[in-house]
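Here are the chains, one letter per residue:
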Amino acid sequence: MKQHIPNLITLLNVFCGCVATVFAVLNQLELAVFFVFMGIVFDFFDGFAARLLDVKSELGLQLDSLADMITSGLVPGIVMFQLLAMSMSGGWNVDLSSQMEHDTFWVGLKVAPLPFLGFVITLASAYRLAKFNIDENQVSSFVGLPTPANALLILSLPLILLYQNSEFLSVIILNQWFLIAITLLSAFLLNAKIELFALKFKNWRFQDNALRYIFIIVSLVLLITMKFLAVPLIIAFYILSSLLSKTSNA
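Residues numbered from 1 in each chain as written. Predicted model: local features only at pLDDT ≥ 70, side-chain atom pairs only at ≥ 80, totals over all residues. Heavy atoms only, no water.

1. A word on the overall build of the protein
Regarding its fold elements, the protein presents 11 helices and two strands. Secondary structure of the protein in N-to-C order comes out as α-α-α-α-α-α-β-α-α-α-β-α-α. For the protein, the residues scored as buried account for 46% of the 250 residues in total. Partitioning the contacts of the protein with sequence separation of at least 6, the portion at a separation of at least 24 is 75%. (Helix = DSSP H or I, 4+ residues; strand = E, 2+ residues; numbered from the N terminus. Buried < 20%, exposed > 50% of the residue type's maximum accessible area, 1.4 Å probe, protein only. Contact = heavy atoms within 4.5 Å.)

Here's what the structure looks like:
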């Protein structure tokens, strides 16, 4: 029975991803973000449960990547689609379902298919997950930005729009060129040959996990002081600290 527990937790990730997909399509991005976050929590605990129960399996590895493909691959692509559509429509309150009912949205797509560029994130996520499944070296570290971290980066954008209450930030985020740049940067980081540390603790000694502890502390301080704007900064700090750590150990 215990060998099925991690897979059941992974299936909860799949469920959260499916629910998040529905809300993302309906342009209810706040709810989509919530269920993605819940999916990422389950993604953490399925691996934790597998290690705790010592029931790691090839099935679990494949199922985990399939779950991540939905929660951390498909949903961010849809969210970027919605943000690009908003940038074309001039604001947050664009009702895509209403537009589709009157065919105006699809008419517009004949000359402006830009929102579909958001699915480059989904394609890059699929490629990254496929590579991860056949790479036996990504155990204590990652090569390229993990899909959950990338998902948090993309999904932080609508939260910044909703909660930071800054016209300056809203103008930047809903700028088409900014969104295009973020989309392409996201696809690059997912598959870049950059070695990044994993938040996996073999023990709790500070000496063996100094970088992880420092990263967690800095991340908490940024979240408390800067709210959702902290997420892109945390991702940047994650990449930079990994690169500096690798350089110092070389």
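2. A closer look at the environment of W204
Its location among the elements puts W204 in the loop between β2 (195-197) and α10 (210-226). Accessibility expressed as a relative area gives 66% for W204, which makes it exposed. For W204, the residues in contact, after removing those within four places along its chain, are N209 and Y213.

3. Examining unusual backbone geometry
Positioned with a positive phi, N165 is a non-glycine residue whose angle comes to about 55°. You can see N165 is positioned in the loop between α7 (147-163) and α8 (167-173). Classification of N165 by relative accessible area gives exposed; the value is 75%. Of note, K227 is a non-glycine position whose phi angle comes to about 55°, a positive value. Within the element layout of this structure, K227 appears in the loop between α10 and α11 (230-249).

4. Notes on the side chain of S186
With respect to the helices, strands and loops of the structure, S186 is situated in helix α9 (residues 176-191). For S186, a relative accessible area of 0% translates into the label buried. When sequence neighbours within four positions are dropped, the list of residues in contact with S186 reads I121, N150 and I154.

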